[in-house]
Amino acid sequence: MKAKHQRLVLVVLALIAIVGAGLLATYALRNQASYFYLPEQMLADPPQVGQAVRLGGMVERGSLKTDADGVTLRFNVTGNESSRVPVRFSGIAPDLFVEGSGVVAEGRLEADGTFVADNLLAKHDENYVPKELEGMTQQQASRMAEETTVGLE
Amino acid sequence: MIAEVGLAALWLAAALAALQMVAGFLAVRAGDETELAGLIRPAAVVQGVLVSISFVMLLWLFAVTDLSVKLVVANSHSMKPLVFKIAGAWGNHEGSMLLWVTVMALAGALIALVERRLPERTMQATLAAQGVVSLGFYAFLLFSSNPFERLPTPAAEGMGLNPLLQDLGLAFHPPTLYLGYVGLSVAFSFAVGALLTRQVTPDFARAMRPWVLGAWVFLTVGITAGSYWAYYELGWGGWWFWDPVENASLMPWLAATALLHSASVLASRDALRVWTIMLGVVAFSMSMVGTFLVRSGILTSVHAFAVDPERGSFILMLLTLYIGGALLLFSLRAGTVSEGERFAVASREGALVFNNVMLSAILAIVLLGTLYPLVTEAFDVRVSVGPPYFNPVGAIFTVPMLVVMAVGPLLRWRRDRLDRVRNEIAIIAALTLAAIVLFSLVAQVELLPLLGLALGLAVGVGSLLPLRGRKLTRVPIATWGMVVAHFGIAVALLGMASESAFSKERLAAVEIGQSTTVGPWTITLQGVEPVAGPNWTAIEGRMAASYAGGEPTIIDPQARNFWAPPQQTTESALVTRWNGQLYAVMGDRAPDGRWQLRLWWKPFVPLIWLGGLLVAFGGVLALVGRVLADLKRREVVRRMASRRAEQEKLA
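Because the structure is a prediction, the values reported are computed rather than measured.

Asks: Would you explain the overall build of chain A in this entry?
Replies: Tallying secondary structure elements over chain A gives three helices and seven strands in all. In chain A, the succession of α and β elements from N to C terminus is α-β-α-β-β-β-β-β-β-α. Out of the 153 residues belonging to chain A, those deemed buried represent 48%. A sequence separation of at least 24 residues applies to 52% of the contacts in chain A between residues at least 6 apart. Carbon and sulfur atoms provide 56% of the accessible area of chain A, an area that totals close to 7,700 Å².

Given below as structure tokens:
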């Protein structure tokens, strides 16, 4: 094989592998990226049962309960006032997870309409607002900003 | 006064970088006969000195907590322990950018002082390219994020440092990664310099290689330390989350790994010229993309600190300028770089090319997965991309790469036959199969961890095979470096696979005096007490942990509260044994008065970070080996020259 040819073959092979990786990645991303839902979206157009998704909103005041086992939390995530999704989470809630604060729950919807969270993402400091919540209405956002900076001492 | 000295030194350094750039480009255009050319090396050296002075001034301001300086007020507090005051100097945006240019200028000074192998013109072009890159960062500092800015009236007290950052590991984590990023920017300058003068030679690869090696070692240590920090500090019990900030450090590492191997081929066999240049550009692009992702706050991350969208756009502008410029230069010049040596598919070069391509494919997958949420957000669809995407898709390319990695080092350069190494291949294949059968019989192990365990064994054995039949004392240090680094990959892989295959978890609410179990461990909660530190208070759980009924160890995980700024952190408690780690986290108090505990038994999990450190140590060995070989060669050249001079004198 001539030197020129070898270089060409190498370039072509590298291109095939990298373009292949790109195509594979795009295909997988369309299927496996977990989608983000606000409560009203989840109620209007629920994801498939068992599909990995994220649910983001506010922890409804007065809804936080602990089961008899002491480690299972139940609460509602609200978006607009009327929409609420019940959430179940077994584990230690993250720092600063309180009623009325913003939360993003990673998990899946069950057949009975309960969202089972594997993981809760809450803010790490008083300024942290989950980026996914930025789309909430102005009123909600300002309310959350207010509530997330008060009462943490 | 101190702040003003720092600022003045920074302006002067920037002026020298401009001089270095202009003089360098004029010299390259005119050949090396211009008068300005003599200024390039001294400019680089003095620039390094000046910017170091500037950085030391900033350290000083933080050490004494000068509350008339805005940056100190925003990121420090007089009550902080001294080591965190000093680390506070780079635990913020402005300071970390100053650290960046400081390291870059010092690297430039070092090149100017010691590098004599490259043709002088390529050297000048390299320093000119370096001037361009640093000038962008100087402009950034001086015009939009001046670290020495004074307040109109001094503050009474500082605002503190993010408590998550008040951790010794983390204080030194960002600078470690930065050293890696900066090393890659030096490699980038070499690549641009060589393109400008069209001299892509083995000498160029040898000059660039120590910088790539150094950058790669720092990136490896940084990623390993970052992973361990996330593991013990965030209290989630996980070691890798495919978080954008983690990916931001992984992507340059993947590119640097590929670059390291292709530069080796170029240095020792004079092949892969254009490909090496391309990787030099890509590797630095990835560190810029990483900086941009981390600093702009454009992606959600638990690790992103010092985030500011306005600065993000400045970095984006620099990114476009540098990468766009380099790619343009590359497309204009790549065709004119002359052909290197040829090699057969079945050869050391062939294996390295294969792994280079696989690494690039993995890089593409990580990059796409990291940027995908940005793209969909433009269409108002919010998605998050995590392990369900990265693990299987990445594995498609990682698995063949690991297979070739086990065999590649056994092959000869230039041309080889696979049947020459068939015994070795048989050993590796038999081991892999045996491991797959064994582990799938012993325990229910999922596909990916199973492959990880099998390939970990195969790569571990394969990495030692190049030593077979050689006298160990005569193996070159650089070869030891390769063996150790490859072995480290195997060790880390075994740790990862074992963690995901065999971890046990227990979540329980217990009363004081009660016990619970996880795996072979029994844990008894003995008490819960409030404790206080220099700038925090905490709830501390006192537990007795005993392994398989043995002597109990006392552990005390905490849930800490900081007050400046107000924030909570989890201090997990770890018990490390030779065969794994117990991980305990203190939770909240359940309404009925019981305490929540979260416990994990993670067999062989420390191997992940031990492996990472071994990989870095391999890099250090390779670097030492190269530098020593280089010095020896220089000595030989010097002696030959002096002998020739003597003979001429006699004649």
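Asks: Please clarify how the pattern of salt bridges should be interpreted in this entry.
Replies: Any two side chains of opposite charge can pair, on the condition that their charged atoms come close. All names here are of chain B. Tallied over the full model, the rule gives 20 salt bridges over all chains. The shortest N-O distance in the salt bridge between Arg560 and Glu571 comes to 4.0 Å. Here the residue Arg560 occupies a position in strand β7 (residues 558-563), and Glu571 occupies one in strand β8 (residues 566-571), the gap between them amounting to 11 residues. For Arg560, a relative accessible area of 18% gives the class buried. Taking relative accessible area as the criterion, Glu571 reaches 17% and is therefore assigned buried.

Asks: Mind showing me how you'd approach the nonpolar core here?
Replies: Within soluble globular proteins, side chains that are nonpolar tend to cluster in buried spots. Residue and element names in this part refer to chain B. Ranked by size, the top nonpolar core spans 160 residues in total, and within it Leu98, Trp100, Phe137, Tyr138, Phe190, Phe204 and Tyr389 carry the most contacts. With 16 residues, the single largest contributor to this core is helix α9 (residues 202-233). Beyond its immediate chain neighbours, meaning those up to four positions away, Phe204 contacts Leu118, Phe190, Ala191, Ala194, Gln199, Leu266 and Ile277.

Asks: Sorry, what's going on with the domain arrangement of chain A here?
Replies: One frequently used descriptor of interface size is the decrease in accessible area upon assembly of the parts. Each domain of chain A was delimited in the assignment, giving domain 1 (1-33) and domain 2 (35-123). One C-alpha centre belongs to domain 1 of chain A, the other to domain 2 of chain A; they are set 41 Å apart.

Asks: Quick question: what am I supposed to make of helix α2 (residues 40-63) of chain B here?
Replies: Because each turn of an α-helix spans 3.6 residues, side chains separated by three or four positions end up pointing in the same direction. For α2(B), built from 24 residues, the straight-helix expectation of 34 Å at 1.5 Å per residue is met to within 8% by its first-to-last C-alpha distance of 35 Å. Phi turns positive, to about 50°, at B:Thr65, one or two residues after α2(B).

Asks: Teacher, can you tell me more about the packing of α2(B) against helix α6 (residues 120-144) of chain B here?
Replies: When two helices pack together, their arrangement is given by the angle between the helix axes and the distance between those axes. Residue and element names in this part refer to chain B. Packing of α2 against α6 leaves a shortest axis separation of 10 Å and a crossing angle of 35°. When you trace α2 past α6, the crossing you get is left-handed. Counting all contacts with α2, which are made through Ile40, Arg41, Ala44, Gln47 and Val51, the residues of α6 involved are Glu120, Met123, Gln124, Leu127, Ser134 and Tyr138.

Asks: In this structure, what is going on with the domain arrangement of chain B? I would like to understand it.
Replies: Per the domain assignment, the segments of chain B are domain 1 (1-166) and domain 2 (504-605). A separation of 44 Å is found between the C-alpha centroids of domain 1 of chain B and domain 2 of chain B.

Asks: Just checking my understanding: could you explain the sheet that holds strand β10 (residues 580-589) of chain B for this structure?
Replies: Sheets are built from strands paired through backbone hydrogen bonds, the pairs being either parallel or antiparallel. Residues and elements named next belong to chain B. On the basis of which strands lie adjacent, the open sheet formed by four strands has the order β2-β11-β10-β9 and antiparallel pairing. Strands at the two margins of the open sheet, each flanked by one partner only, are β2 (504-510) and β9 (573-577). On average, each strand axis in the sheet is tilted by 15° relative to the strand beside it, whichever way the strands run. Bridge count for β9 against β10 is five bridges, and the pairing is antiparallel. Paired with Val575 across the strands is Leu582, a residue of β10. The strands touched by helix α17 (residues 477-502) are β2 and β11 (595-603); relative to β11, the strand with the most contacts, the crossing angle is about 130°.

Asks: Can you walk me through the packing of aromatic side chains in this structure?
Replies: For any pair of aromatic rings, geometry is given as the distance between the ring centres together with the angle between the planes. All names here are of chain B. Applying the stated criterion across every chain, the model contains 23 aromatic pairs over all chains. Ring centres of Phe140 and Phe314 lie 4.5 Å apart, and the angle between their planes is 10°; this geometry places the pair in the stacked category. Taken together, the residues span a long stretch of sequence, with Phe140 in helix α6 and Phe314 in helix α12 (residues 309-333) at a distance of 174 residues. Both rings, one in Phe188 and one in Phe284, keep their centres 4.7 Å apart while their planes meet at 45°; by these two values the pair is tilted. With a gap of 96 residues between them, Phe188 in helix α8 (residues 173-197) and Phe284 in helix α11 (residues 273-296) connect regions that are remote in the sequence. Classification of Phe284 by relative accessible area gives buried; the value is 0%.

Asks: Explanation requested: the side chain of B:Thr122 in the structure shown.
Replies: Residues and elements named next belong to chain B. Assignment of secondary structure puts Thr122 in helix α6. Using a relative accessible area of 1% as the deciding quantity, one classes Thr122 as buried. Reaching out from Thr122, the side chain makes a polar contact with the side chain of Thr197 at a distance of 3.0 Å.

Asks: How do you make sense of the environment of B:Arg150 when you look at a structure like this?
Replies: All names here are of chain B. Along the chain, the position of Arg150 falls in the loop between α6 and α7 (168-171). Under the relative-accessibility criterion, Arg150 is labelled partly exposed at 27%. At 2.7 Å, the side chain of Arg150 and the side chain of Glu4 are in polar contact.

Asks: What am I meant to see in the packing of α8(B) against α9(B) here?
Replies: Residue and element names in this part refer to chain B. Packing of α8 against α9 brings their axes to within 8 Å, and their N-to-C directions diverge by 155°. Considered as vectors, α8 and α9 are oriented roughly antiparallel to each other. In this structure, α8 meets α9 at a crossing whose hand is left-handed. Per-class residue counts for the contact of α8 with α9 are 20 nonpolar, six polar and no charged.

Asks: Please clarify how the confidence of the model for chain B should be interpreted in this entry.
Replies: One rule of thumb: low pLDDT means the predicted coordinates there are not for detailed reading. Mean pLDDT over chain B stands at 87; residues scoring 70 or higher make up 95%. What the predictor reports for the complex is a pTM of 0.89 with an ipTM of 0.75.

Asks: So what exactly am I meant to see when it comes to unusual backbone geometry here?
Replies: Note: most peptide bonds trans; most residues except glycine with negative phi. Residues and elements named next belong to chain B. Even without being a glycine, Asp270 presents a positive backbone phi close to 55°. Of note, Asp270 is situated in the loop between α10 (244-269) and α11. Of the residues examined, Asp270 reaches a relative accessible area of 16% and is grouped as buried. Of note, the phi angle at Phe604 is positive, near 60°, even though the residue is not glycine. Note on placement: Phe604 falls in the loop between β11 and α18 (607-650).

Asks: Help me out: how do you make sense of the environment of B:Val528 in this one?
Replies: Checked against the element boundaries, B:Val528 lands in strand β4 (residues 521-532). Separated by 58 residues in the primary sequence, B:Val528 and B:Met586 place their C-alpha atoms 9.7 Å from one another.

Asks: Sorry, what's going on with a nonpolar patch on the surface here?
Replies: Residues and elements named next belong to chain B. A grouping of Ile477, Phe617, Val620, Val624, Val627, Leu628 and Leu631 is seen on the molecular surface, where their side chains present a nonpolar patch of about 550 Å² in accessible area. It is α18 that provides the largest number of residues to the nonpolar patch, a total of six residues. Here Ile477 shows up in helix α17.

Parameters at a glance
Residues numbered from 1 in each chain as written. Chains lettered and ligands numbered in written order. Predicted model: local features only at pLDDT ≥ 70, side-chain atom pairs only at ≥ 80, totals over all residues. Heavy atoms only, no water. Helix = DSSP H or I, 4+ residues; strand = E, 2+ residues; numbered from the N terminus. Buried < 20%, exposed > 50% of the residue type's maximum accessible area, 1.4 Å probe, protein only. Contact = heavy atoms within 4.5 Å. Areas by Shrake-Rupley, 256 points an atom, 1.4 Å probe, with all protein chains shown as cover. Salt bridge = Lys/Arg side-chain N within 4 Å of Asp/Glu carboxyl O. Core = buried A, V, L, I, M, F, W, Y, C linked by side-chain atoms within 4.5 Å. Domains from an automatic or database assignment. Expected span 1.5 Å × (residues − 1). Axes fitted to C-alpha atoms, helices over the stretch in contact; angles between N-to-C directions. Left-handed = near helix turned anticlockwise from the far one by under 90°. Pairing = 2+ DSSP bridges. Phe/Tyr/Trp six-rings, centres within 6.5 Å; stacked < 30°, edge-to-face > 60°. Polar contact = N/O pair within 3.5 Å; in protein donor to acceptor, adjacent residues only side chain to side chain. Parallel < 35°, antiparallel > 145°, perpendicular 65-115°, else oblique. Nonpolar A, V, L, I, M, F, W, Y, C, P; charged D, E, K, R; others polar. pLDDT = per-residue confidence, 0-100. Patch = residues over 30% accessible without salt bridge, like charges linked within 9 Å, V, L, I, M, F, W, Y side chains within 5 Å.

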